[in-house]
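Geometric and topological summary
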Amino acid sequence: MNANWTRIFRTIEKQERLIIGLMSGTSLDGLDIALCRISGSGANTKVQVQDFKTISYDNAFKAEVKSIFSKRDADLQMVCLMNEKIGLLHAEMILQAIEAWGVKPEDIDVIASHGQTIFHAPASLHQMPNYPNATLQIGDGDHIAVKTGIVTISDFRQKHIAAGGEGAPLAVYGDYLLFSEKGEDRVMLNIGGIANFTYLPGDNDATKVFSTDVGSGNTLMDQFVQHHYKGLYFDENATISSAGVINDSLLKELMQNDFLIAGFPKTTGPELFNLKYLQAAQERSNTTHLSKGDVMATLCRFSSQVIINAINKCFGNNLSPCIYMSGGGMHNPLLVKQLKDGLPNAKFYTTDDLQINPDAKEAVLFAVLANETLMGTAIDFGSSTGVPSICMGKICLPF
Ligand SMILES: Nc1ncnc2c1ncn2[C@@H]1O[C@H](COP(=O)(O)OP(=O)(O)OP(=O)(O)O)[C@@H](O)[C@H]1O
Ligand SMILES: CC(=O)N[C@H]1[C@@H]2OC[C@@H](O2)[C@@H](O)[C@@H]1O[C@H](C)C(=O)O
C-alpha cells in the first residue's frame, strides 16, 4: 500500500488531529493560517486554535492576482501560471508560519487549503442558459502537499456544486458544527469582501440551517479606496466614510439589484459588486459629481443596509437574534455602529465570545471541513435550504 494512505489512516484513528486551515479571500490582503487542534467530528467536533497568523501579500503579488481576479477577459496564460505560483507561495508561507511557531511539518496531520477564488459564477450571475453554477479557486494543492510534505485537502467548492449548491457559502457546515446552541437563535455574520451569514436556529434543527451571501461587505469600499486614494488599501477605522455625508439618491440606486431581493440562500462576488456597479448607480441617480468622501459614506451605508435588510428578512423585525461577527468589516467602527442602530433588538458579539479569533474564523472553518472529509458522516440539512449533505475536498498526497 502507498505509505501516504498508512499516514492518512493513522490520522483518522487519532483522538486529536493537528490541522492547518488556510483562507485567502476576496480582499486579497494575505493568507490566513490557523493551526487547529481538532478532536471528534460532526456535532462532537471540538476545535482549539493553537496559533494564527495572516501573512500579507506584497504589492507586486497583489497586482498579479488582481490582473486575473473576477475579470472575464483575464489572460489565460497568467491564470495557468498563477495556479502554480499561488500554490507554491502558500506552501512557503505555511513553512514560514510553522517555523515561527516551533512546529515541525511532520507534526501536522493535514492542511486544508481554500485556494484563491478568481471567478465566481453561479447561474444567477452568469445567466447563460445550459451552463451550470461555476466557481474557480486556484493555487494547486499538489504544490502545497509536495513542498510541505503534508497531506493537503483542497478545492472544496467543486463538490458543493456537483451536489447541487452554488459552491458557497461553505461556512454553513463549520458554523453549524461549532456554534449551534440550543435555546439561542444565532446569526454568524462574516463581513469580508462579501458579507454573508449563517442562520442557526435555537432548536438546533439542521433542516432550517442555511448560509447566504447578502451583498458587498468591504469590497466596494476597498475597490473605491484603492482606485481613488493612492497608496491606501482600505478605509482604516472608517476615517474617510465618517467624514462624508450619505447620499440618499445614490443609496437608493445602489439598492436596485435583483440579487438583493432574491431569496436565500444565494451567492455573489466582486463579479457583480464592483466599480462598474457603482458607476451605473451614480449615473442613474445623477450623482457622478459627488465628493469621494460622500461616495465612501454612501458605500458604507449600503453595506450596512444590505446586512440589516437580510437579517430582518430572516428574523422579522421583532425577533432578537444573537449576532456573532467575524471578518475584517467588524473592525470598521462606522459599519458596526450602523448595524447596531439598524438592528436594535439584536445582541451583538464577536466569535471571540465563542473562543474563536474572528480574524481566524474562516480559516478554522476550512480546517473543520477537512476534518469532516476524513471523519465525517452526512448531516441532513433537509431539501429546502440548498445545503447538500456531503464531504468536500480533493486529497493531494505529498509523494
Ligand atoms: N480597522 C479597520 N477599519 C476598517 N476596515 C477594516 C479594518 N480592518 C479590516 N478592515 C476591512 O476588512 C477587510 C479585510 O477583511 P477580510 O480579511 O475578512 O476579507 P476576506 O477574508 O478577504 O473576505 P471574504 O470573506 O469575502 O473572502 C479589509 O480590506 C478592510 O476593508
Ligand atoms: C466563491 C467564494 O470564494 N466565495 C467566498 C467569498 O467570501 C465571502 C463570501 O464570498 C463566501 O460566499 C465565500 O467564502 C466563505 C468562506 C464561504 O464559503 O462560506
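These numbers come from a predicted model, not from an experiment.

A short note on the overall build of the protein
The secondary structure content of the protein amounts to 15 helices and twelve strands. Rg of the C-alpha trace for the protein: 21 Å, near the compact-globule value of 21 Å for 399 residues, within the 12% margin. With respect to the principal axes defined by its C-alpha atoms, the protein has extents near 70 × 50 × 45 Å. Looking at the protein residue by residue over its 399 residues, the buried ones come to 56%.

What to know about the packing of aromatic side chains
Each aromatic ring pair is summarised here by two numbers: the centre-to-centre distance and the angle between the ring planes. This model, assessed by the stated rule, comprises 14 aromatic pairs. Ring centres of Phe273 and Phe302 lie 6.2 Å apart, and the angle between their planes is 55 degrees; on these two criteria the pair is classed as tilted. Highlighted residues: Phe273 in the loop between α11 (258–261) and α12 (275–284) and Phe302 in helix α13 (residues 292–315), separated in sequence by 29 residues. Residues Phe273 and Phe302 agree in their burial class; the two are buried. Counting every residue linked through ring pairs, the aromatic cluster contains Phe197, Tyr199, Phe210, Phe264 and Phe315. Over the ring of Tyr229 we find Lys292, and its NZ or CZ is 4.7 Å from the ring centre. For Lys313, the ring lying beneath its charged end belongs to Phe264, and the centroid distance is 5.2 Å.

Describing α13
When the terminal C-alpha atoms of α13 are compared, their 35 Å separation across 24 residues agrees well with the 34 Å that a helix rising 1.5 Å per residue should span. For α13, the tally of buried residues reaches 19 of 24 residues, placing the bulk of the element in the interior. Of the residues flanking the end of α13, it is Gly316, one or two places downstream, whose phi is positive at about 75 degrees.

A look at the site of ligand 1
Around ligand 1 sit 21 residues in total, of which Thr26, Ser27, Gly193, Asp222 and Gly328 are the nearest. Within the side chain of Asp29, an N or O atom sits 3.3 Å from an oxygen atom of ligand 1. Here an oxygen atom of ligand 1 and a side-chain polar atom of Asp222 are 2.6 Å apart. Taken together, the residues of the shell around ligand 1 break down into three nonpolar, 13 polar and five charged. The two domains that each donate at least three residues to the shell around ligand 1 are domain 1 (3–170 + 360–396) and domain 2 (179–354).

Looking at the domain arrangement of the protein
With domains assigned, the protein is organised as domain 1 (3–170 + 360–396) and domain 2 (179–354). For domain 1 versus domain 2, the distance between C-alpha centres works out to 24 Å. Facing 26 residues of domain 1, the contacting portion of domain 2 comprises 27 residues. Both faces considered, domain 1 and domain 2 share a buried interface measuring about 2000 Å² in area, 57% of it formed by carbon and sulfur atoms. The largest share of the area that domain 1 buries against domain 2 comes from Pro169, Lys361 and Thr385, three residues that together contribute 29% of it.

Quick look at the environment of Asn59
The residue Asn59 is located in helix α2 (residues 59–66) in this model. Using a relative accessible area of 62% as the deciding quantity, one classes Asn59 as exposed. Along the chain, Asn59 and Cys314 lie 255 residues apart, while their C-alpha atoms are 40 Å from each other.

Topic: the pattern of salt bridges
Evaluation of the coordinates by the stated rule reveals ten salt bridges. When the shortest N-O distance is used, the salt bridge between Lys85 and Glu64 registers 3.0 Å. Highlighted residues: Lys85 in helix α3 (residues 76–101) and Glu64 in helix α2, separated in sequence by 21 residues. Since its relative accessible area comes to 37%, Lys85 is described here as partly exposed.

Some words on the pairing of strand β3 (residues 46–56)
Note: strand β2 (residues 30–39) against β3, ten bridges, orientation antiparallel. For Cys36, the partnering residue across the bridge sits in β3 and is Val49.

Let's talk about the sheet that holds strand β9 (residues 210–216)
Here five strands make up an open sheet; going across it, the order is β9-β8-β7-β10-β11 and the pairing mixed. Edge positions in the sheet fall to β9 and β11 (347–350), since each has one partner strand and no second. Strand-to-strand twist in this sheet, taken as the mean axis angle between neighbours without regard to direction, amounts to 25 degrees. Sheet analysis places strand β10 (residues 322–326) next to β11, joined by four bridges and oriented parallel. Looking at β11, one finds that Cys322 is bridged to Lys347. Here helix α14 (residues 333–342) sits on the sheet and contacts β7 (186–191), β10 and β11; the angle it forms with β7, its principal contact strand, is near 155 degrees.

With respect to the site of ligand 2
Not every one of the 15 residues close to ligand 2 is listed here, only the nearest: Thr117, Arg157, Leu170, Ala171 and Asp213. One of the side-chain nitrogen or oxygen atoms of Arg157 is found 2.7 Å away from an oxygen atom of ligand 2. At the level of secondary structure, the elements contributing two or more residues to the shell around ligand 2 comprise β4 (110–121), β5 (134–138), β8 (194–200) and α15 (361–375). The element that contributes the greatest number of residues to the shell around ligand 2 is β4, accounting for three residues. Among the residues making up the shell around ligand 2, the classes are represented as six nonpolar, six polar and three charged.

A closer look at the packing of helix α7 (residues 171–179) against α15
Closest axis-to-axis distance for the α7/α15 pair is 9 Å, and the angle between their directions is 90 degrees. Considering their axes alone, α7 and α15 lie roughly perpendicular with respect to each other. Two secondary-structure elements touch here, α7 through Ala171, Tyr173, Gly174, Asp175, Leu177, Leu178 and Phe179 and α15 through Lys361, Val364, Leu365, Val368, Leu369 and Glu372. Each residue belonging to the contact of α7 with α15 can be placed in one class, and the counts come to nine nonpolar, one polar and three charged.

About the thresholds
Residues numbered from 1 in each chain as written. Chains lettered and ligands numbered in written order. Predicted model: local features only at pLDDT ≥ 70, side-chain atom pairs only at ≥ 80, totals over all residues. Heavy atoms only, no water. Helix = DSSP H or I, 4+ residues; strand = E, 2+ residues; numbered from the N terminus. Rg over C-alpha atoms; globule rule 2.2 N^0.38 Å. Buried < 20%, exposed > 50% of the residue type's maximum accessible area, 1.4 Å probe, protein only. Phe/Tyr/Trp six-rings, centres within 6.5 Å; stacked < 30°, edge-to-face > 60°. Lys NZ or Arg CZ within 6 Å of the ring centre and 35° of its normal. Expected span 1.5 Å × (residues − 1). Near = heavy atom within 4 Å. Polar contact = N/O pair within 3.5 Å; in protein donor to acceptor, adjacent residues only side chain to side chain. Nonpolar A, V, L, I, M, F, W, Y, C, P; charged D, E, K, R; others polar. Domains from an automatic or database assignment. Contact = heavy atoms within 4.5 Å. Buried area = accessible area lost by both parts, 1.4 Å probe. Salt bridge = Lys/Arg side-chain N within 4 Å of Asp/Glu carboxyl O. Pairing = 2+ DSSP bridges. Axes fitted to C-alpha atoms, helices over the stretch in contact; angles between N-to-C directions. Parallel < 35°, antiparallel > 145°, perpendicular 65-115°, else oblique.

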